[in-house]
Amino acid sequence: MFGFRSRNVGIDLGTANTLVFIKEKGIVLREPSVVAKNTTTGEIVAVGSEAHAMIGRTPSSVVAIRPMREGVIADFETTTAMIRHYLKEALKSAGTSWTKPTVMVCVPYGITSVEQRAVIDAARQAGAKEAYTIEEPFAAAIGADLPVWEPTGSMVVDIGGGTTEVAIISLGGIVTSTSIRVGGDSMDTAIITYIRKEYKLMIGERTAENIKMQIGSAFDLDKTEKMDIHGRDLLTGLPKTMEINSQEITKALKEPMDLIIEGMRKTLEQTPPELASDVMERGIVLTGGGSLLRNLDKAISEETKMPAFVAGDTLDCVVIGTGKALDNLELIKKIQS
C-alpha cells in the first residue's frame, strides 16, 4: 500500500477539469480548466467555476478559454497561471502553508517530450519545488486499486474531456496502450453538429453537455426520454426552443463511441495472449467523466465480449492515483527510464 508524506501534491490537469490531491487531505480542489482573460490587457479576470460560467456570455474585451486541449497545453502562460492559482487555493483550503511542494501531474500516454517538458515547466513556474509526470492510464489504474505491481494484466479505459486512454498494465508498467483524441468534449461536439445539421439550430457547449448528461446513452433506452433545448435558429437568427429525444442523442454519439471502441480493439490486438486472458477474467475497468455516459459499460461489453464496469469514484481515480504515485516516485522513475 501507499503511505503519505507532507507537501506532496498530485494534479489531474484535465482538458475539462483540474483536480488537486494533497497527501493526508485527499482531494482538496475540483474546478473547471477554464480561464477568463482580458484580451486588451492580458489580465486574468477569473479562473475555474467563475470563468466557466462566463463561457458564451463574455463581452468582446473578455474571452473564456480552455488552456488545455486534448490533454496537452495549448496556451503555456495561461496554463501556468491556472496551475499557480489552483496550487495556492488547494494548499489554502487544506490548511497547508504556501511552501514549494513536490508535484506530480498526469499526462496522456504517448505525448511528446516537448509537451511533457511544457507540463513540468508550467508546474515549476507555478511554484513547485520538483515536478514530475505520470501517464494518465497508469494513474487511473492506481487510483482504481488495480494490482498494477503484480504479474497480471489489468485493462483500464480512462475517458476524459479531451482524450481517451486505453492501457494494459502489468508489473508496474504499461505493456500496450492507445491514446485517442476523443473524449467528453468530442461527445459534446457531436451533439452540437447533429442538432445543427438536423434542425438548423445552433446550441452552445454547456447546452450540449447538459443534453449528454440528462438523456445521453450509449444504447437506445428502453423508454425514450425527451427534453426541451434552447438555441439560435440558423435560418431566422432568432432564439428558438425545440424538443429532442434520447434516441437522437444515441445516434449523434455513435461516431465518438465507435472511435473509442476501435482504440480498445487496437490495444487488445497488441496484447500478449497471457495478459489478454487476465483481462478476459478480470474485466475492463472504466474511469473518467466520460465513463458516466449511461449504458457505456454495456455497449463496451457487447462490442468486446468482455465484462466491463465503471470504477468506484470514477471521476477521481486519476488524481488519487497521481497523488499516491509520489510515494513510489523512485520506482516509477526507474520504470519510466
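In the annotation of an unreviewed UniProt entry, the protein chain is listed under the name Cell shape-determining protein MreB and assigned to Sporosarcina ureae. Recorded in UniProt for the protein chain, the comment headed Subunit (unreviewed entry) runs: "Forms polymers." Under the UniProt heading Sequence similarities (unreviewed entry), the entry covering the protein chain gives this text: "Belongs to the FtsA/MreB family."

J.: Tell me about the overall build of the protein chain, and name the residues and values.
T.: The helix and strand tally for the protein chain stands at 12 helices and 18 strands. Taken over C-alpha atoms, the radius of gyration comes to 20 Å for the protein chain, in line with the 20 Å a tight globule of 337 residues would show. Counting only C-alpha atoms and orienting by the principal axes, one finds that the protein chain spans roughly 60 × 55 × 35 Å. Expressed as a percentage of its 337 residues, the buried residues of the protein chain come to 54%. Here the contacts in the protein chain between residues at least 6 apart in sequence split such that 62% fall between residues at least 24 apart. Split by element, the accessible area of the protein chain, about 15,600 Å² in all, is 49% carbon and sulfur. Each charge class in the protein chain can be summarised by its mean position, and for the 37 positive and 44 negative side chains these summaries are 5 Å apart.

J.: Any details on the environment of K23? Residues and values, ideally.
T.: Relative to the helices and strands, K23 resides in the loop between β2 (17-22) and β3 (26-32). With 100 residues separating them in the primary sequence, K23 and A123 have C-alpha atoms 18 Å apart. A polar contact is formed between the side chain of K23 and the side chain of D327, at a distance of 3.5 Å.

J.: Please give an account of the nonpolar core that cites residues and values.
T.: By size, the foremost hydrophobic cluster in this structure holds 40 residues, and its most contacted members are M155, I195, I203, I211, I229, I244 and I284. Setting aside chain neighbours within four positions, we find I284 in contact with M155, V157, M264, V279, I300, T304, M306, P307, A308 and F309. Within the second largest apolar cluster, 30 residues are counted, among which are L91, V105, V107 and A131.

J.: Just give me the short version of the pairing of strand β13 (residues 173-180), but keep the residues and values in it.
T.: With six of eight residues buried, β13 is to be regarded as a mostly interior element. Judged from the seven bridges that link them, strand β12 (residues 164-170) and β13 form a sheet pairing that is antiparallel. Residue pairing across strands places S170 opposite G173, the latter belonging to β13. Adjacent in sequence and paired antiparallel, β12 and β13 are bridged by two residues, among which L171 carries a positive phi angle near 50°.

J.: If you had to explain the pattern of salt bridges to someone new, which residues and values would you point to?
T.: The tally for this structure, following the rule as stated, stands at 12 salt bridges. The shortest N-O distance in the salt bridge between D145 and K324 comes to 3.5 Å. Here D145 is found in the loop between α4 (136-143) and β11 (154-159), whereas its partner K324 is found in helix α11 (residues 317-325), with 179 residues between them in sequence. The network of salt bridges with common partners includes E262, R265 and E303.

J.: Explain the packing of aromatic side chains to me, using residue names and the numbers behind them.
T.: A complete count under the given rule lists one aromatic pair for this structure. For the pair F138 and W149, a centre-to-centre distance of 5.8 Å together with 85° between the ring planes defines the contact as edge-to-face. Linking F138 in helix α4 with W149 in the loop between α4 and β11, this pair joins segments that are 11 residues apart in sequence. On the basis of relative accessible area, F138 is assigned to the buried category, the value being 5%. With relative accessibility at 29%, the residue W149 sits in the partly exposed group.

J.: Just give me the short version of the packing of α4 against α11, but keep the residues and values in it.
T.: Across the interface, α4 lies against α11 with an axial gap of 7 Å and an inter-helix angle of 90°. What the angle tells us is that α4 and α11 run roughly perpendicular. Touching E136, A139, A140, I142 and G143 of α4 are C317, V318, I320, G321, T322, K324 and A325, all from α11. Broken down by class, the residue content of the contact of α4 with α11 amounts to seven nonpolar, three polar and two charged.

J.: Lay out the pairing of strand β9 (residues 102-107) in plain terms, naming residues and giving numbers.
T.: Burial of β9 is extensive: six of the six residues sit out of reach of the surface. Residues T102, M104 and C106 point to one face of β9 and V103, V105 and V107 to the other, with burial holding for every one of them. Relative to β9, strand β1 (residues 8-13) runs parallel, the two sharing four bridges. Its bridge partner lying in β9, I11 is registered against V105. Pairing of β9 with strand β10 (residues 130-135), which is carried by six bridges, proceeds in the parallel orientation. For T102, the partnering residue across the bridge sits in β10 and is E130. Between β9 and its parallel partner β10, the chain crosses via helix α3 (residues 113-125), and the hand of that crossover is right-handed.

Criteria and thresholds
Residues numbered from 1 in each chain as written. Predicted model: local features only at pLDDT ≥ 70, side-chain atom pairs only at ≥ 80, totals over all residues. Heavy atoms only, no water. UniProt positions renumbered as here; feature names shortened; annotations may be inferred. Helix = DSSP H or I, 4+ residues; strand = E, 2+ residues; numbered from the N terminus. Rg over C-alpha atoms; globule rule 2.2 N^0.38 Å. Buried < 20%, exposed > 50% of the residue type's maximum accessible area, 1.4 Å probe, protein only. Contact = heavy atoms within 4.5 Å. Areas by Shrake-Rupley, 256 points an atom, 1.4 Å probe, with all protein chains shown as cover. Lys, Arg positive; Asp, Glu negative; His and termini not counted. Charge placed at Lys NZ, Arg CZ, Asp CG, Glu CD. Polar contact = N/O pair within 3.5 Å; in protein donor to acceptor, adjacent residues only side chain to side chain. Core = buried A, V, L, I, M, F, W, Y, C linked by side-chain atoms within 4.5 Å. Pairing = 2+ DSSP bridges. Salt bridge = Lys/Arg side-chain N within 4 Å of Asp/Glu carboxyl O. Phe/Tyr/Trp six-rings, centres within 6.5 Å; stacked < 30°, edge-to-face > 60°. Axes fitted to C-alpha atoms, helices over the stretch in contact; angles between N-to-C directions. Parallel < 35°, antiparallel > 145°, perpendicular 65-115°, else oblique. Nonpolar A, V, L, I, M, F, W, Y, C, P; charged D, E, K, R; others polar. Right-handed = clockwise from strand over helix to strand, strands pointing away.

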